[in-house]
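As a plain string of letters, each chain reads:
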Amino acid sequence: MTRMTRAELRGRTQTVLGLIDPEQLGSTLMHEHIICDITPPKLAATGVEGDEIDICNCWQINYGQKISALKYKLNQADIAAREIKEMLEAGGKTVVELTCGGLKPRPQSLADISRTTGAHIVMGCGHYVHDFQDKTNHTRSVEDFAAEITAQVLEGAWGTDIRAGIIGEIGCQAPWTELERRVMQGAIIAQQETGAAINVHPGRHEDQPQEVADFFLARGAPTDRLVLSHIDRTIFDEGRLLKLAATGCVIEFDLFGMEQSYYPHSDIDMPNDAIRLRLLRKLIEHGHLEQIVISHDICHRTRLTRYGGHGYQHIFKNVIPMMRRRGYSDDEIDTIMVKTPKRLLAFV
Ligand SMILES: [Zn+2]
């Protein structure tokens, strides 16, 4: 296996098909899953399969009325390719695919889908939250995680020679577990070795994203290459949001298309897309335009158009026109969809 050097990566973007010029990226979804299995360990243990999903029960499954284990499995490459083609037709060009350890990553499928559709796919690496991690991780050291993640970027990931172009989504729960801190420390070392950006899945406590940003600051790790995911299900007050933005990190609103109040993990006031755009406007008013990225974080079948959901095309077909109607300028939209992803996905 040939090992990429830091010099070869610098200023370039690494997709599942190899290095490209970041100028080629275009409009980018910064947090999606194309091939993924996010079956909750507790559900997997019951062996319950539940219903097949169709457009008649899609809403009921999404609202927790019906259980379907199939909801958590994005494992149909032909359907995935069709959904990605819809995104391309709607104006998207690149997808950052953050299926990492614990979520059954399949790099070869991503490479195949990229080849058949023409979409650029940038793959993540590292490990998801504690509860999804393999038991063998529990005794591993920071150095071991650092070496693994570095090799996933420089050599290839999950038994293939397909290399990651970003680190993450690195999982955290609330409270943050000791294992997850070790993985995070390893990810920071791998970032120093490779120059990749890091995407973090923070725990669901409203102060957990700040805890992660402070962890980076305390170690002198660059916050401008730290993307904090899922802020739309985590922080609900302006004070916390602006304090987090003041650390210099990138704030990711990545649940666009989830417009229902039901949220299975906790009883929160889930925002809809219109409210998300209001919160982003607040960040822009406070000078944080260049710290915003958006996405759908599709990880359930029920969110694919095939099953009655919004699909990867939603931001391009529906959200960007809504942004225009709400006074977002072309430059603001371009910064969020193109410029900031391009900066993050270019190795330093
Ligand atoms: Zn995700």
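Details of the structure are given in the entry above.
This is a predicted model, so every value here is computed, not measured.

Some details on the coordination of the zinc ion
Around the zinc ion, the donor atoms from the protein are His 31 (NE2), His 33 (NE2), Glu 169 (OE) and Asp 297 (OD), and they sit 2.0 to 2.6 Å away. One chain supplies every donor to the zinc ion, and in sequence these donors are spaced H-x1-H-x135-E-x127-D. Placement of His 33 in the loop between strand 3 (28-32) and strand 4 (36-37) and of Asp 297 in the loop between strand 12 (292-294) and helix 11 (314-325) is noted, with a sequence separation of 264 residues between them. Like Asp 297, His 33 is buried.

Considerations on the sheet that holds strand 8 (residues 167-171)
The strand order across the open sheet formed by five strands is 8-9-10-11-12, and the pairing between neighbours is parallel. Both outer strands of the open sheet, strand 8 and strand 12, are each paired with one neighbouring strand and no more. Averaged over all neighbouring strand pairs, the angle between strand axes comes to 25 degrees, with direction disregarded. Where strand 11 (residues 250-253) meets strand 12, three bridges bridge the pair, whose relative direction is parallel. For Phe 253, the partnering residue across the bridge sits in strand 12 and is Ile 294.

A closer look at the packing of helix 4 (residues 77-90) against helix 5 (residues 107-117)
At a minimum axis separation of 10 Å, helix 4 and helix 5 run at an interaxial angle of 45 degrees. By the angle between their directions, the pair helix 4 and helix 5 is classed as oblique. The two elements helix 4 and helix 5 meet at a crossing, and its hand is right-handed. Along the contact surface, helix 4 presents Ala 77, Ala 80, Ala 81, Ile 84, Lys 85 and Leu 88, while helix 5 presents Ile 113, Thr 116 and Thr 117.

Thoughts on unusual backbone geometry
Here the amide bond leading from Gly 168 into Glu 169 is cis, since omega sits at 5 degrees, within 30 degrees of zero. Among the secondary structure elements, Glu 169 is positioned in strand 8. Residues Ala 174 and Pro 175 are joined by a peptide bond in cis, for which omega reads 0 degrees. Mapped onto the elements of the fold, Pro 175 is located in the loop between strand 8 and helix 7 (178-194). Phi at Asp 297 takes a positive value of approximately 45 degrees, unusual for a residue other than glycine.

Cut-off values and rules
- Residues numbered from 1 in each chain as written.
- Predicted model: local features only at pLDDT ≥ 70, side-chain atom pairs only at ≥ 80, totals over all residues.
- Heavy atoms only, no water.
- Donors = N, O, S within 2.8 Å, 3.2 Å for Na, K, Ca; no water.
- Helix = DSSP H or I, 4+ residues; strand = E, 2+ residues; numbered from the N terminus.
- Buried < 20%, exposed > 50% of the residue type's maximum accessible area, 1.4 Å probe, protein only.
- Pairing = 2+ DSSP bridges.
- Axes fitted to C-alpha atoms, helices over the stretch in contact; angles between N-to-C directions.
- Parallel < 35°, antiparallel > 145°, perpendicular 65-115°, else oblique.
- Left-handed = near helix turned anticlockwise from the far one by under 90°.
- Contact = heavy atoms within 4.5 Å.

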